[in-house]
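Understanding the architecture of this molecule
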Amino acid sequence: MRINENYLKLKDSYLFITIDRKVGAYKAKNPKSEIIRLGIGDVTLPLAPAVTEAMRRAVAEMGNASTFKGYRSDQGYEFLRRAIGGYYAGKGVSLREDEVFVSDGAKSDLGNILDIFSPDNTVLIPDPVYPVYVDTNIMAGRTIVYMDGNAGNGFLPLPGRNVRADIIYLCSPNNPTGAVYSREQLKMWVDYALENGAVILFDGAYEAYIRDAALPTSIYQIDGACECAVEFCSLSKTAGFTGTRCGYTVVPHALARAGTPLNGLWLRRQTTKFNGVPYIVQRGAEAVFTGGGPAQVRADIDYYLENARLMADTLTGLGVWFTGGRNAPYIWMRCPDGMSSWAFFDTLLENAGVVGTPGAGFGANGEGFFRLSAFGKREDVAEAMERIKAFMD
Ligand code: PLP
């Protein structure tokens, strides 16, 4: 018996453990101080009324013999896939229902999709990055090549002439940087993938935060993307489903490699290893896209975007360089006075009682940067900005 030794190569993630330890120590020393947390990536607003109402109706159906549902939907109920298709039609993207796979969230599918690719593929991953892309590939023993995000490219790396990769991860709007690729930039990636026979894994978990009509909210708005990209979306940040769990993955029929359509491979993988998302949750998800739901979830996203605007205005006023804050729920700021990201974490906690996330936790290129999240309550964000102004001015 041999274990998968690739797991032993994973680095322990001390980021949030260290943050909690430091906050605990600060609280013990300053029991009266009110700490404001702008570090977490979780939402604070509850589910929209249209969603909870739809789930309540679905619960009643499950308790009635004539409408009860058992095993059924590995790929997702048609009513939800149709609703998602309608959402894409609104973006000018035409999808067939069997190109949409309902998931229990983007994180699972971002990891699980790797089952259909050979372990010898080389993957290209941006740095800084959402750590799941890195760890899932280390588990599979793949060779990882990093592409640099930095202040020079606005944390939006573009294809390099000398880089060879089979699988490319892109995330836009980005976690942690809040940066968003333009159509022209995404077109460069699509052209690169088509020329090299690579596959783009496009993480659109934050697409609903894009308000600027010129920016792409789906990679399929770019010509040729349906021949080279899989798209992962989530209702976690779109509609507060972080604890309810639902997302979807799009695998177009036009996407084939070595003469094999990936849609069929993914369907085979899902029908073998996944038994679908609960009916009750899928009814709640349907309400995100239909009836009164879209207006309600949009109002919640507007609330977070207004938080982000407050933060962006404060940093602009202070002359601090940052990305994000518009069309994204994250702000990625340069630490003042050349401080390291952990030094700035300590300083901000000690002087303002505000907690953020040190950029170094997202990769080597995150050193010297700091992430603020807009998912907090308005009054907390406003108070945190007053404190930051008083401390950094
Ligand atoms: N992708 C990115 C970039 C994220 O930041 C997150 C969650 O924070 C996810 C995917 C995972 O989302 P889900 O809750 O749908 O698993």
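Cut-offs applied
Residues numbered from 1 in each chain as written. Predicted model: local features only at pLDDT ≥ 70, side-chain atom pairs only at ≥ 80, totals over all residues. Heavy atoms only, no water. Core = buried A, V, L, I, M, F, W, Y, C linked by side-chain atoms within 4.5 Å. Buried < 20%, exposed > 50% of the residue type's maximum accessible area, 1.4 Å probe, protein only. Helix = DSSP H or I, 4+ residues; strand = E, 2+ residues; numbered from the N terminus. Contact = heavy atoms within 4.5 Å. Near = heavy atom within 4 Å. Polar contact = N/O pair within 3.5 Å; in protein donor to acceptor, adjacent residues only side chain to side chain. Areas by Shrake-Rupley, 256 points an atom, 1.4 Å probe, with all protein chains shown as cover. 1 Å grid on protein atoms, 1.4 Å probe; cavity = no way out; pocket = protein on both sides within 12 Å on 5 of 7 lines; lining within 4 Å. Sits in = over half its atoms within 2 Å of the grid points. Nonpolar A, V, L, I, M, F, W, Y, C, P; charged D, E, K, R; others polar. Domains from an automatic or database assignment. Buried area = accessible area lost by both parts, 1.4 Å probe. Salt bridge = Lys/Arg side-chain N within 4 Å of Asp/Glu carboxyl O. Pairing = 2+ DSSP bridges. Axes fitted to C-alpha atoms, helices over the stretch in contact; angles between N-to-C directions. Points joined across faces, edges and corners; volume = space filled by probe spheres on them.

1. As for the nonpolar core
- Formed by 54 residues in total, the largest nonpolar core has its most connected members in Ile-168 and Ile-200.
- Counting residues per element, this core draws most heavily on helix H9 (residues 279–289), which supplies six residues.
- Filtering out sequence-adjacent residues up to four positions away, Ile-200 remains in contact with Ile-168, Leu-170, Trp-189, Val-190, Ala-193, Ile-219, Cys-228, Ala-229 and Val-230.
- One finds Ala-308, Ile-331, Phe-362 and Phe-369 within the second-largest nonpolar core, a separate group that totals 34 residues.

2. With respect to the site of the ligand
- Lining the immediate environment of the ligand, one finds 14 residues, of which Ala-106, Asp-203, Tyr-206, Ser-234 and Ser-236 sit closest.
- Ser-234 places a side-chain nitrogen or oxygen 2.6 Å from an oxygen atom of the ligand.
- Contact with the protein chains hides 91% of the accessible area of the ligand, taken as 400 Å² for the molecule alone.
- Judged by the fraction of its atoms near the pocket grid, the ligand is located in the largest pocket.
- Every element with two or more residues in the shell around the ligand is listed here: helix H4 (106–112) and helix H7 (236–239).
- Broken down by element, the shell around the ligand gets its largest block of residues, three residues, from H4.
- Here the shell around the ligand is composed, by residue class, of six nonpolar, four polar and four charged.

3. Overview of the domain arrangement of the chain
- By the assigned domains, the chain splits into domain 1 (13–42 + 294–392) and domain 2 (49–289).
- Placing the centre of domain 1 and that of domain 2 at their C-alpha centroids yields a distance of 27 Å.
- At the interface, 28 residues of domain 1 touch 33 residues of domain 2.
- The junction of domain 1 with domain 2 conceals about 2,400 Å² of combined surface from both sides, 57% of it contributed by carbon and sulfur atoms.
- Counting the contacts that link domain 1 with domain 2 gives one salt bridge.

4. Notes on the sheet that holds strand S8 (residues 247–250)
- Strands sit in the order S2-S8-S7-S6-S5-S3-S4 across an open sheet of seven strands; the sheet is mixed. Taken across any chain shown, the strands that pair with only one partner, and hence form the sheet edges, are strand S2 (100–103) and strand S4 (143–148). Strand after strand, the sheet turns through a mean of 20° between neighbouring axes, direction not considered.
- Here strand S6 (residues 199–203) pairs with strand S7 (residues 229–234) via four bridges, running parallel. From the neighbouring strand, Ile-200 faces S7, where its bridge partner is Ala-229.
- Docked against the sheet, helix H8 (residues 262–273) engages S2, S6 and S8, running at close to 30° with respect to S2.

5. Regarding the layout of surface pockets
- The calculated volume of the largest pocket comes to roughly 1,200 Å³.
- Lining the largest pocket are 42 residues, with Val-129, Tyr-130, Pro-131, Val-132 and Phe-362 positioned closest to its centre.
- Sort the elements by how many residues they give to the lining of the largest pocket and helix H5 (residues 132–139) lands first, with four residues.
- Residue classes in the lining of the largest pocket are distributed as 21 nonpolar, 10 polar and 11 charged.
- Three or more residues apiece are contributed to the lining of the largest pocket by two domains, here domain 1 (13–42 + 294–392) and domain 2 (49–289).

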